[in-house]
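One-letter residues, chain by chain:
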Amino acid sequence: MPPLTKVDDLIPYDRNCVICVEVLVFWFENFGRPNQKLEMILADLEETKIEATITGGAFDLDNLTGLREDTWYFLSDFLVLYLPDLLSNTSNMFRIWFHRPTKMTSTFERSPTNKSNTLNQDTVGFIVYIDRLIRIPYVFGQYERDSGCNCVYFILKNHR
């Protein structure tokens, strides 16, 4: 395996690096549609955050059933894009884009055991719109219970 690269050292259009990142949060956009994609916010050991996108066509979403938040992964063979105009959930102007050879392997030994707290996920902004409470439909598997959840849609604006 090549040496690990820090998120701060990623170079646009580079495909030959390996990073070790923690999945802070992930969510689906356009779920069940042909243009569905999985969005993630990742952070390395230095707590540098970057957003990652997996599209349904470019990566097999069936292989992501084991994807977990607060879990560390080695990520390799991905594409680094420079997208300053795209709305991002981090201050990083780069984005990781998965394509066919991308590999995401969970690892436990890279977990920062010497840290006393978890990575910061604070968000500061103004709530400018709140919608009604809704229940997200969830199709549960053969051995799962119906575990749909309630959610409320709101819009949060930052200083930009």
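Higher on the page you've got the structure.
When you go through the protein residue by residue, the secondary structure sums to zero helices and nine strands. Secondary structure elements of the protein occur, N-terminal to C-terminal, as β-β-β-β-β-β-β-β-β. Burial statistics for the protein: of 160 residues in total, 32% are counted as buried. Relative to all contacts within the protein whose residues are 6 or more apart in sequence, the contacts with residues 24 or more apart total 59%. Of the roughly 11100 Å² of accessible surface on the protein, a fraction of 52% belongs to carbon and sulfur atoms.

This paragraph deals with a nonpolar patch on the surface. A surface patch of nonpolar side chains, amounting to about 570 Å² of accessible area, comprises I127, I130, L133, V152, F154 and L156. Only strand 8 (126–135) and strand 9 (150–157) provide two or more residues apiece to the nonpolar patch. Structurally, the position occupied by V152 is in strand 9. For V152, a relative accessible area of 39% puts it in the partly exposed group.

Thresholds applied
Residues numbered from 1 in each chain as written. Predicted model: local features only at pLDDT ≥ 70, side-chain atom pairs only at ≥ 80, totals over all residues. Heavy atoms only, no water. Helix = DSSP H or I, 4+ residues; strand = E, 2+ residues; numbered from the N terminus. Buried < 20%, exposed > 50% of the residue type's maximum accessible area, 1.4 Å probe, protein only. Contact = heavy atoms within 4.5 Å. Areas by Shrake-Rupley, 256 points an atom, 1.4 Å probe, with all protein chains shown as cover. Patch = residues over 30% accessible without salt bridge, like charges linked within 9 Å, V, L, I, M, F, W, Y side chains within 5 Å. Salt bridge = Lys/Arg side-chain N within 4 Å of Asp/Glu carboxyl O.

Everything listed here is a matter of coordinates, which is why it stays silent on function.
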